[in-house]
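# What the coordinates show
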2 protein chains.
Amino acid sequence: MKTTRSVLADQAADFPRWFQDVIAKAELADNGPVRGTMVVRPYGYGIWELLQEAMNRRIKATGAANAYFPLLIPESYLQREAEHVEGFSPELAVVTHAGGKQLEEPAVVRPTSETVIGEYMAKWVQSYRDLPLLLNQWANAVRWELRPRLFLRTTEFLWQEGHTAHASAEDARAYVTRILYDVYRAVMVDILAIPVVAGRKTRRERFAGAINTMTLEAMTGDGKALQMGTSHELGQNFARAFDIGYLSRDGQRELAWTTSWGSTTRMVGGLIMVHGDQDGLRVPPAVAPVQVVVLAVKDETVEAARRIAADLESAGLRVTVDDRTDQPFGRRAVNWELKGVPIRIELGPRDLAGDSATVVRRLRGSAKAAVGLAELTSTVAAAIEDDQANLLAEAAARQAARITTVRTVEEAVEAAAAGWASLPYDAVGEEGEDRLAEAGMTVRCLQRQDGSLPIGDNEPDLTAYVARSY
Amino acid sequence: MKTTRSVLADQAADFPRWFQDVIAKAELADNGPVRGTMVVRPYGYGIWELLQEAMNRRIKATGAANAYFPLLIPESYLQREAEHVEGFSPELAVVTHAGGKQLEEPAVVRPTSETVIGEYMAKWVQSYRDLPLLLNQWANAVRWELRPRLFLRTTEFLWQEGHTAHASAEDARAYVTRILYDVYRAVMVDILAIPVVAGRKTRRERFAGAINTMTLEAMTGDGKALQMGTSHELGQNFARAFDIGYLSRDGQRELAWTTSWGSTTRMVGGLIMVHGDQDGLRVPPAVAPVQVVVLAVKDETVEAARRIAADLESAGLRVTVDDRTDQPFGRRAVNWELKGVPIRIELGPRDLAGDSATVVRRLRGSAKAAVGLAELTSTVAAAIEDDQANLLAEAAARQAARITTVRTVEEAVEAAAAGWASLPYDAVGEEGEDRLAEAGMTVRCLQRQDGSLPIGDNEPDLTAYVARSY
């Protein structure tokens, strides 16, 4: 029905370019001056704040407390865990000079904080009574990316990183699994309206220093995979490297079992890639900085627009009034569509004369309806709730439709050219992973037949999800 | 009345050592591994989170939006504003290597973000319609400190930094003044219960690149001054350096007027230094992560303690149950006193038998009273409110008592050895400021006779507040 030419690159023809365009036109972010860095603009940051709040509440509900550890880590700390330093060395940013002098020991800008937090856990944990120790921090981190992309892979990103120490492997595993499901998946599904597949990473895709990495993978609009959050069992690797020990109930000195888990500003990239369409972003109401915009078409409707906005705000909605009547109506409407604001209420003199307003539902194909002013608040509140659920259902349906079940690696390579493939992991193995890498694909994760998470590296009968990824 | 020997250094004899001891014993923070950095532990971070929330709400109420700008700034950006680079150069931490290579242009870790934000303001501001542009960010910043001190002066600190652009000098001044009073002073007084003196900095104490710095100064327990927050008029200095221009209503190209304003984790240091006593921290209820601790004296009172805690929580209080009955009661009580939790409810078998609990009010000299269980919630809620007000009154009385009005610089030097001095600024001048510097003192700020803020540098009849400072 729409006839306006899109200001965005064609989503079907050039998805990455469309993604960039949405970020620019919806004023979500800009490239920073140092290569690969990002400026998160107010509208993008507003989404992040709401997401952060939802995540933070759930993290605290698991018993973890927020803390803050230093940005700068002595280079020697990273070297204490062999796999960890090997994994992160190529990505480090290093401070060599400070206060006008060369530093005796260079400091790395944290790529992640296992090492420095390990050092303090060792100080704070003495007895079994101090366990579990459940910490989280909201912070920035820096990893020098070869192919940076706004939100998805930036040299500096914002995230939460959780770090915990436990008295047993079982307790550690139970806790990170809870983080994966009750925190990460809950936020992604319930708040971001993004369906995710939960699974275990293969050995080669694991976090540097972990004995197990669990992941949540989302399907983007172009059928690729995006890793949305991970939680790691670190075994006793970091406990050994940093001497995180405790006296057990029977007076024995034991090493702790640690975990880490992180989710980043990449989730905002996921939101764009999963929900965006040719008209721009579509923001799930739960993280929409503006859930409703009331657009005054003419000067004489500005006052009424303000009254309507106040009513909607009283009902607990996040509302903005667009009173820029000196600017063309059409351009303003298109801008709100680009920004993906769920509900646009257009208020012209004719609407007002009829005691009604025009409600445009961005998440429902921009369908328009005249709604009586008396029913406006209840109609909008119901639409918001319905839109959140519908957005999830839409994404889930697409995901299901684009996962092809196959039997062999070659079939997987073919199927994953346009979506995901699922196949028996026994048919993949190390060699199969090499073959997939050649085709620019990876095993995104492994699941048991019933969808649950495998525990060891050698469980048989697992399903592998294969895809290209961002 | 207390007979326990303090685990803290004598506050009267060695205030700085007492400060360090409180931070350690109350588990607020630790020194980080890189010199001058800080680990904020969960209890200290809990205070910061509540403070941040109160500040953030008020910042948004002024119309500012949160955003996020990169940590790493090209070295050349700082050099564009002459005073700014001169002021910050000695404190910069510099990333020279990243991704395994030497960078073509070194990047500094932001000491503050005027320069990088100026660059983006120039892109985003085109017309008078885009002004004012009101931005804020919550972030970390790094300044290499020669004499670091936990919370007060750390190499890395957490803060909010606001940056705004306006169409006129008047609008810029009105806005930063509003930030000073309605945001900073409101939070300090109403939330932190810290009385502050608002004033203008002298030319030599000004922020590097500003035409005017306004400050809020608190008096510490040992009678020194602590700068709690500042807001700056930057004039057109940064607008000129970064070309932040706009088309005015009548089509002329004009330079914008910018401001910046910041408040940091130093405020937590202020809280300790203003309210702490020989028994440890005293946390104002508004920022107390734990407002009430219910301490079960024996195993048989744990269940009742949990019920009481649940009741208090339902009343909207932040409550913790201490059920560590395997540890000595006295040590647990002392620990809660060190942490400065406003209300401690002790529940022993005898209390329970009498249908009452013992309420200990930390902020009122740890006065104890038996309170019937039926009145417990209302009594505690009233005490919390009363304590917040009383803490402010106590600090205000001390501040008033320790400011001495004098006439000459020499009298000021004498008076400020044990408190603050106030004197006519006309009696100080440049030479007087040199003399004060020799005595380890500074003019903290200037006020008009009626307590309001002077506008220019050359207003006569101003009052100067002189003090030693942290």
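This write-up is about the structure you can find in this document. It should be emphasised that the depicted structure is a prediction, and the values quoted were computed from it without experimental measurement. (Residues numbered from 1 in each chain as written. Chains lettered and ligands numbered in written order. Predicted model: local features only at pLDDT ≥ 70, side-chain atom pairs only at ≥ 80, totals over all residues. Heavy atoms only, no water.)

## Side note on the pattern of salt bridges
- If you walk through the whole model with that rule in mind, you get 66 salt bridges over all chains.
- The partner of Arg344 of chain A in a salt bridge is Glu337 of chain A, with the nearest N and O atoms 3.3 Å apart. In this structure, Arg344 of chain A and Glu337 of chain A share a single accessibility class: buried.
- For Arg444 of chain B, the salt bridge is made with Glu217 of chain B, and the minimal N-O distance between the two is 2.9 Å. One end of the pair, Arg444 of chain B, is in strand β22 (residues 442-447); the other, Glu217 of chain B, is in strand β10 (residues 212-219), and 227 residues separate them in sequence. For the pair shown, Arg444 of chain B and Glu217 of chain B are each scored as buried. (Salt bridge = Lys/Arg side-chain N within 4 Å of Asp/Glu carboxyl O. Buried < 20%, exposed > 50% of the residue type's maximum accessible area, 1.4 Å probe, protein only. Helix = DSSP H or I, 4+ residues; strand = E, 2+ residues; numbered from the N terminus.)

## Notes on the side chain of Glu81 of chain A
Residues and elements named next belong to chain A.
- Assignment of secondary structure puts Glu81 in the loop between α3 (75-78) and α4 (82-88).
- Within the structure, Glu81 has its side chain in polar contact with the backbone nitrogen of Glu83 (distance 3.2 Å).
- Discounting residues that sit within four places of it in the chain, Glu81 has contacts with Gly209, Asn237, Phe238 and Ala241. (Polar contact = N/O pair within 3.5 Å; in protein donor to acceptor, adjacent residues only side chain to side chain. Contact = heavy atoms within 4.5 Å.)

## Considering the interface of chain A and chain B
- Chain A puts 53 residues into the contact, and the matching count from chain B is 53 residues.
- With both sides pooled, the region where chain A packs onto chain B buries about 4,200 Å², and carbon together with sulfur makes up 61% of that total.
- Sorting the residues of chain A by area buried against chain B places Pro33, Tyr68 and Trp124 of chain A first, and these three jointly supply 15% of that buried surface.
- Seen at the junction of chain A and chain B, the total is six salt bridges.
- Residue Lys123 of chain B is joined to Asp30 of chain A by a salt bridge in which the shortest nitrogen-to-oxygen separation is 3.3 Å.
- Linking chain A to chain B there are 28 residue pairs in polar contact (both at pLDDT 80 or more).
- Broken down by element, the residue count for the side of chain A that touches chain B peaks at six residues, all from strand β5 (residues 93-98) of chain A. (Buried area = accessible area lost by both parts, 1.4 Å probe.)

## Quick word on the sheet that holds strand β18 (residues 356-361) of chain B
Residue and element names in this part refer to chain B.
- In space, the five strands of this open sheet follow the order β16-β15-β17-β18-β19, with mixed pairing throughout. In the strand order of this sheet, the two ends are held by β16 (319-322) and β19 (367-372), each with one partner. The sheet shows a mean angle of 25 degrees between the axes of neighbouring strands, taken without regard to direction.
- Here β18 runs beside β19; their pairing, made up of six bridges, is antiparallel. Residue pairing in the sheet places Val359 in a bridge with Ala369 of β19.
- Where helix α9 (residues 302-314) meets the sheet, it contacts β15 (292-296), β16 and β17 (343-347), and its direction lies at approximately 165 degrees from that of β15. (Pairing = 2+ DSSP bridges. Axes fitted to C-alpha atoms, helices over the stretch in contact; angles between N-to-C directions.)

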